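For reference, the chains in residue letters:
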Amino acid sequence: MLKEEIKNLINTVIPIKVDFDIEEPEKEMHGDYATNVALILAKQLKGDPIKFAQQIEVKLTRLMAKKGISLFEKIEVARPGFINFFLKPEFLQSQLKEILKEGDGYGKQEIGKGKTVVIDFSSPNIAKPMHVGHLRSTIIGQALCNIYKALGYNVIGDNHLGDWGTQFGIMIAAYKKYKSLLGGKKITVEKMLEAYVKFNAEIEKKPELQEVAREEFRKLEQGDKENRKIWKTLRKESLKEFDKVYKLLGINFNTILGESFYEKYSQKIIEKALKKKVAIQNSDGSIIIPLDKFNLPPFLIQKSDGATLYSLRDLAAIKYRVKKYDPEKIIYVVGNEQSLYFEQLFRAAELLGYISYDKLVHVKFGFVLDENKKKLATRAGRFISAKELIDKIIRLAEKVVKEKNPKLSKKEIKKIAEIVGIGALKYADLSQNRQTNIVFDWKKVLSLEGNSGPYLLYSYVRLKSIFKKAKVKKSSFRKFDPGLLIEDEEIEILKELIKFPEKIEEAGIKFQINLLANYLYKLASLVNVFYEQIPVIKAEKDLKISRLALISAVLIVLQNGLNLLGIETSDKM
Ligand code: ARG
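Along each chain, the written sequence defines residue order, and numbers are assigned to residues from 1. At least 70 in pLDDT is required for a residue's local features to be given in this predicted model, at least 80 for side-chain atom pairs to be given and counted, and no such filter applies to totals for whole chains, interfaces and linings, which use all residues. Here the side-chain values reflect all heavy atoms present in the structure, with hydrogen atoms and water set aside.

A.B. asks: Looking at this structure, I do not really get the overall build of the protein chain. What am I missing?
C.D. replies: Only DSSP runs of H or I with at least four residues qualify as helices, and only runs of E with at least two residues qualify as strands; both kinds are numbered from the N terminus onward. A tally of helices and strands in the protein chain yields 21 helices and 13 strands. C-alpha atoms of the protein chain, sized along the principal axes, occupy 85 × 70 × 40 Å. Each residue is placed in one exposure class: buried if its accessible area under a 1.4 Å probe, protein chains only, is under 20% of its type's maximum, exposed if it is over 50%, and partly exposed if it falls in between. Sorting the 573 residues of the protein chain into buried and exposed places 52% on the buried side. The contact rule is simple, with two residues in contact once any of their heavy atoms fall within 4.5 Å. Pairs at least 24 residues apart make up 73% of the contacts formed inside the protein chain by residues separated by at least 6 positions.

A.B. asks: So what exactly am I meant to see when it comes to the sheet that holds strand β10 (residues 329-333) here?
C.D. replies: Two pairing modes exist for strands in a sheet, parallel and antiparallel, and in both the strands are linked by backbone hydrogen bonds. Pairing between strands is defined by DSSP: at least two bridges between the two strands are required. Across the sheet, which stays open at both edges, the 4 strands sit in the order β6-β5-β10-β11 with parallel pairing between neighbours. Edge positions in the sheet fall to β6 (154-158) and β11 (360-363), since each of these pairs with one other strand and no more. This sheet shows a mean twist of 20° between the axes of neighbouring strands, independent of strand direction. Here strand β5 (residues 116-120) pairs with β10 via 4 bridges, running parallel. Opposite V117, over in β10, you have K329 as the bridge partner. Fitted lines through C-alpha atoms give the axes, limited to the stretch in contact for helices. The angle between two N-to-C directions lies from 0 to 180 degrees.

A.B. asks: Help me understand the site of the ligand, please; the structure alone is not making it clear to me.
C.D. replies: Whether a residue is near a molecule or strand depends on its heavy atoms: if one lies within 4 Å, it is near. With respect to spatial proximity, the complete set of residues near the ligand consists of D120, S123, N125, H134, H160, Y310, D314, Y332, V334, Q338 and F342. Throughout this description, a polar contact denotes any pair of N or O atoms lying within 3.5 Å of each other; where both atoms belong to protein, one of them has to be capable of donating a hydrogen while the other can accept it, and for residues adjacent in sequence the pair is counted only when both atoms sit in side chains. Here a nitrogen atom of the ligand sits 2.8 Å away from a polar atom, N or O, in the side chain of D120. Here the ligand, which alone exposes 340 Å², has 90% of that area covered by the protein. Under the scheme applied, nonpolar residues are Ala, Val, Leu, Ile, Met, Phe, Trp, Tyr, Cys and Pro; charged residues are Asp, Glu, Lys and Arg; polar residues are all the others, including Gly. For the shell around the ligand, the class distribution of residues is 4 nonpolar, 5 polar and 2 charged. Reported accessibility uses the Shrake-Rupley method at a 1.4 Å probe radius. Residues are deemed covered only where the shown protein chains occlude them.

A.B. asks: How do you make sense of the pairing of β5 when you look at a structure like this?
C.D. replies: Every other side chain in a regular strand lies on the same face of the sheet, so the side chains alternate between the two faces. Burial analysis of β5 places 5 of its 5 residues in the buried class, the great majority of the element. Burial of β5 is two-sided: the residues T116, V118 and D120 facing one way and the residues V117 and I119 facing the other way are all buried. Bridging between β5 and β6 involves 5 bridges; their strand directions are parallel. Each residue of the ladder has a partner; that of V117, found in β6, is V155. The definition of a right-handed crossover adopted here requires that, viewed with the strands pointing away, the path from the first strand over the helix to the second runs clockwise. Running through helix α5 (residues 132-150), the crossover from β5 to the neighbouring parallel element β6 is right-handed.

A.B. asks: What's the story with the packing of helix α11 (residues 266-275) against helix α12 (residues 310-325) in this structure? I'm lost.
C.D. replies: Running from N to C, α11 and α12 cross one another at 90°; their axes reach a closest spacing of 9 Å. In terms of axis orientation, α11 runs roughly perpendicular to α12. Seen from α11, the contacting residues are S266, I269, I270 and K272; seen from α12, they are L312, L315, A316 and K319. With respect to orientation, any angle under 35 degrees is reported as roughly parallel, any angle over 145 as roughly antiparallel, any angle of 65 to 115 as roughly perpendicular, and every other angle as oblique.

A.B. asks: Just to check I follow, could you spell out the side chain of Q109 for this structure?
C.D. replies: Within the secondary structure layout, Q109 lies in the loop between α4 (89-102) and β5. When sequence neighbours within four positions are dropped, the list of residues in contact with Q109 reads M1, A150, L151, G152, P501, I504 and E505.

A.B. asks: How should the environment of A377 be read in this particular structure?
C.D. replies: Looking at the secondary structure, you find A377 in the loop between β12 (368-369) and α14 (386-404). Assessed through its relative accessible area of 38%, A377 is described here as partly exposed. Here the alpha-carbon distance between A377 and L389, two residues 12 residues apart in the chain, equals 9.6 Å. Beyond its immediate stretch of four places on either side in the chain, A377 contacts R382, F383 and I384.

A.B. asks: Help me understand the sheet that holds strand β8 (residues 287-289) in this model?
C.D. replies: Taken together, 3 strands build an open sheet; the order of strands is β7-β8-β9 and the sheet is antiparallel. Sheet topology places β7 (280-281) and β9 (299-302) at the edges, where each strand pairs with a single neighbour. Sheet analysis places β7 next to β8, joined by 2 bridges and oriented antiparallel. Among the inter-strand pairings, Q281 is bridged to a residue of β8, identified as I287. The sheet strands contacting α11 are β7, β8 and β9, and the helix crosses β9 at an angle near 130°. Where α12 meets the sheet, its contacts fall on β8 and β9, and the angle it forms with β9 comes to roughly 90°.

A.B. asks: Please clarify how the nonpolar core should be interpreted in this entry.
C.D. replies: One recurring pattern in soluble globular proteins: nonpolar side chains tend to sit buried together. By size, the foremost hydrophobic cluster in this structure holds 162 residues, and its most contacted members are L144, I331, F440, L497 and L565. Broken down by element, this core gets its largest block of residues, 13 residues, from helix α21 (residues 541-564). Not counting residues within four places of it along the chain, the set of residues in contact with L565 comprises A143, N146, K426, Y427, L430, I513, L516, A517 and L520. Judged by nonpolar contacts, the second largest core, of 35 residues, contains I270, V278, Y341 and I355. Residues grouped as a nonpolar core are buried Ala, Val, Leu, Ile, Met, Phe, Trp, Tyr and Cys residues, joined through side-chain atoms within 4.5 Å.

A.B. asks: Help me understand helix α6 (residues 167-177) in this model?
C.D. replies: Quick reminder: α-helices carry 3.6 residues per turn. Residues three or four places apart thus point the same way. Most of α6 is tucked away, with 8 of its 11 residues classed as buried. The set of residues buried in α6 consists of F168, G169, I170, M171, I172, A173, A174 and Y175. In this structure, the buried side of α6 is in contact with α7 (189-205), α8 (209-221) and α9 (225-249).

A.B. asks: Could you clarify how one ought to interpret unusual backbone geometry in this entry?
C.D. replies: Note on backbone geometry: most residues besides glycine have negative phi, and most peptide bonds are trans. Residue R79 is joined to P80 through a cis peptide bond whose omega torsion reads -5°. Tracing the backbone shows P80 in the loop between β3 (72-78) and β4 (82-87). Here the phi dihedral of K46 falls at roughly 55°; this positive angle occurs in a residue that is not glycine. Looking at where K46 falls in the secondary structure, it is placed in the loop between α2 (37-45) and α3 (49-67). Accessibility expressed as a relative area gives 72% for K46, which makes it exposed. We note that K373 has phi near 65°; this positive angle belongs to a residue other than glycine. By secondary structure assignment, the location of K373 is in the loop between β12 and α14. Judged by its relative accessible area of 57%, K373 falls in the exposed class.

A.B. asks: Looking at this structure, I do not really get α9. What am I missing?
C.D. replies: The end-to-end C-alpha distance of α9 is 36 Å, a good match for the 36 Å that 25 residues give at a rise of 1.5 Å each. Of all the positions in α9, only N227, I230, W231, L234, R235, E237, S238, L239, F242, V245, Y246 and L249 are classed as buried. Capping the start of α9, D224 holds a side-chain oxygen 3.2 Å from the backbone nitrogen of E226, two or three residues further along. Phi turns positive one or two residues past the end of α9, at G250, with a value near 70°. Any helix carries an expected span of 1.5 Å times its number of residues minus one.

A.B. asks: Explain the packing of aromatic side chains here, please?
C.D. replies: For any pair of aromatic rings, the description rests on two quantities: the centre-to-centre distance and the angle between the ring planes. Only centres within 6.5 Å qualify two rings of Phe, Tyr or Trp (six-membered ring in Trp) as a pair; their planes then separate them into stacked at under 30 degrees, edge-to-face at over 60, and tilted for everything else. Inspection of the entire model under this criterion finds 22 aromatic pairs. Their ring planes at 50° and their centres at 5.6 Å tell us that F299 and Y341 sit as a pair that is tilted. Linking F299 in strand β9 with Y341 in helix α13 (residues 339-351), this pair joins segments that are 42 residues apart in sequence. With respect to class, F299 is no different from Y341; both count as buried. Ring centres of Y341 and F342 lie 5.1 Å apart, and the angle between their planes is 75°; this geometry places the pair in the edge-to-face category. Judged on exposure class, the residue Y341 and its partner F342 are both buried. Lying over the aromatic face of F480, K97 brings its terminal NZ or CZ to 5.2 Å of the ring centre. Lysine NZ or arginine CZ positioned within 6 Å of the ring centre and within 35 degrees of the ring normal marks a charge as sitting over the ring. Just above the ring of F383 sits the side chain of K375; from NZ or CZ to the centre is 5.2 Å.

Laid out in structure tokens, this is it:
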């Protein structure tokens, strides 16, 4: 990768080791890449940055000549001490052949070879509909899985289902009480939630019911046959509904253990934590892990009534994952609202000696809001569920597709509407800074113009159709002259194309998928300008083949890039 190559070259010619950046300047006059290395050296060694920059420039030029590296047209020193690099068109052109050769594999890397990452994502709670927050986790988590796989990591995608906890005492009590209401065999999560809410309202009126629920949970914990069976039904039916969402979104997990799996490890963890004096028992019987030295409130792992908690099961999950996978990182894709919780969890895990703090990452995200900055709701005022949101976007996408291309068959419309709707949804999520709340403007999300999923998908379709119209054989691309691509628009596109692997890496390592999404948007925009300004099909034969080769490479990058985001492409739209 170019940035890395430039960095390595610089490192061999500078007198001391320093930390510096290679940037992509906004302004064209500052080159394709630029570095602040001379400024940093000058600061540390107390000298003139311009002089350092000039020395580096001379040494670099000499080194590259010796090594026969021919990347740059010129290297320039600029005030107050930057070094700017201008790529050579010949180098860019030569890369085009490489991209075409790599095809589907273009962008794949090996930096993660031999390393494992666990990605904890989606993780809805059973016996409740999956909500929009879980949808974000699902979309972001899947994209991270794809990106880390492309970087060569062994990826374990884990759906940490919320399927245990004292609330299941209430759920079971409700199940028994309102069995007929739950609809017998056709039990749905909606009805489960309804029964749960109803029972909770009862508890308000008759607090003694609390004890009934507690007893049901105790029985469940102790393996009571009937309660186990009810719990299993709730879990199974919930998963069935979640699977509908996963199927529509094209999501796969490597493992779905859920919180319940870790219950059996809980007591041992508590015992050891107490013995190690990492945890202490309060006079009321509750157990906490004090975290004052990190300026954090204590981490509660067991309540005074002896009930174990979400937190304890998460500790158990860390221990289990470390032992099973020896991961380089465990990545949690969960909303902003659990920031403090994860901070505590990570510190506690380190105190217990499970794993070092820096290997644990909370990839957090904001809410999804409507145009009025309120959480998305149905007309009845209830929060919209993940499935409802997906159904709605597909319905709206169908209109867009019909308008754009009325000649499509019903079946085609349905299929394409799914691709466009889900692509729009995923892109709206992934193209923004994940920590800010997403304002979900249906029109904008589905617009064929601007920075949207449909725009990218449509750009892809357009490029494909140029190919179809051009009617050239695939074999023509075996021999083409990339040296004919000399227009500014073409060079700009080439410059973007070679950045693709770098962008994947950046998006993955920084957990900023929007860097990759917005890169694809930029590429699509450049290619649309190119397409309007420069004749392709009408160009003279050799030029036509070269330009088609360029388009072919853009298609490769768009396709590979969108797929990394979890977005499927379609040849028609
Ligand atoms: N089920 C949890 C919730 O809905 C999210 C779980 C996230 N993963 C974890 N290991 N804590 O809030």
